[in-house]
Structures are given as C-alpha cells and as structure tokens.
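Inside the fold
What follows is each chain in one-letter form.
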Amino acid sequence: PLGGVAYTETDVKHSDDFRFALGVNGWLHQDDNHADEGDDWSVGGDLAAFWNGFSLLVEFHYSEMDDVPRDDEALGWLAQLGYFVVPETFEIALRAASIDWEHNGNGNSARREYLVVLGDFWRDHDLKAQMDFGRIEDHEGDPDDNRDEWRLRLQLQVIF
C-alpha cells in the first residue's frame, strides 16, 4: 500500500520510507469421490515490512488433509526481525518458527526453531553469506524420540 516491497526478508536497500505488504493465500482440493478421500485445504497470510534498514516478516499457515484413514492438520508460523547495522552490507536478525503437525498445542509432532542470523551482503541477495545459530526442538508423539539440539548453519548464495 505504501510502495513496492520485495519478498526478500531484509531491507537491503535501506528504505527511507516505511513500506509493507500483506498477503493471503488459500487452496482447496476436492476429492469428488475419485479416491474415496476427503477434501484438502489450506489458508495462510503474511506481512512484510521495511523501514530504514529494519525488516519484519511474519507468516501464518494452516492446512487440513482429510486422508483416509486419518485426518492431518498442520499449523505453522514464522517471525523474523532484522536490522542492517552496516547499511546494505551487514545484517543481524532474530528468527522464530514453529510447525505443529497435529495442531494439538501440546508440543507433540512439532518442530520449533529460535535463531540468531548474521548476513554479509556483497551484491544484495545475488552474492551473500549467512550464518544462523540457535535452538532446534524436534518433538514427536513419543517423548523418547524428541531431539532438542543446537545448530550452526553456514550458507553462501550466488545468483547469476
């Protein structure tokens, strides 16, 4: 509504004006009795905002798969807040995300991540290095299968 916003997760261009974008999505697949299964559907929404080196990205997704013999539900979200401490060059961000496959709210069949992200941009997103570090929680229905661990990940991105 206040000007173009690229879905790039960061304000690498250090926007002088506040800009944001809202998105909604959804789909429906009707079985029509072809496979003797139910309808599958999904809805979601997102917000991206940039201002003066700050960036905010928030996403929400929900889906239901009515597969025989069980029904699967998934609820997921993502939030990321970043700031370019060196304009157009070096960014620090905080990121949190979750997906709950049964949408039961008790942490079973869920994956969560809480990360600190560092990005070094040489040519915008065409040439950059990123590192994230944080806690990953991977929970299954059986507590003996749960894995909570720390992760360090490095990425070099080259687009030509």
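So, here's what we can say about the structure. A quick note: this is a predicted structure, and the numbers were derived from the prediction, not measured.

1. Thoughts on the overall build of the chain
Assigned secondary structure in the chain consists of zero helices and eight strands. From first element to last, N terminus to C terminus, the chain shows the α and β order β-β-β-β-β-β-β-β. Of the contacts formed within the chain by residues at least 6 apart in sequence, a portion of 43% connects residues at least 24 apart. Looking at the chain as shown, the accessible area adds up to about 10000 Å², and 56% of this sits on carbon and sulfur atoms.

2. Some details on the pattern of salt bridges
Per the counting criterion, the structure on display carries eight salt bridges. Here D138 makes a salt bridge to R147, at a shortest N to O gap of 3.9 Å. R147 sits in the partly exposed class, given a relative accessible area of 45%. A single network of salt bridges, built from pairs that share partners, joins R95, E113, D132, R151 and R153.

What counts, and where the lines are drawn
Residues numbered from 1 in each chain as written. Predicted model: local features only at pLDDT ≥ 70, side-chain atom pairs only at ≥ 80, totals over all residues. Heavy atoms only, no water. Helix = DSSP H or I, 4+ residues; strand = E, 2+ residues; numbered from the N terminus. Contact = heavy atoms within 4.5 Å. Areas by Shrake-Rupley, 256 points an atom, 1.4 Å probe, with all protein chains shown as cover. Salt bridge = Lys/Arg side-chain N within 4 Å of Asp/Glu carboxyl O. Buried < 20%, exposed > 50% of the residue type's maximum accessible area, 1.4 Å probe, protein only.

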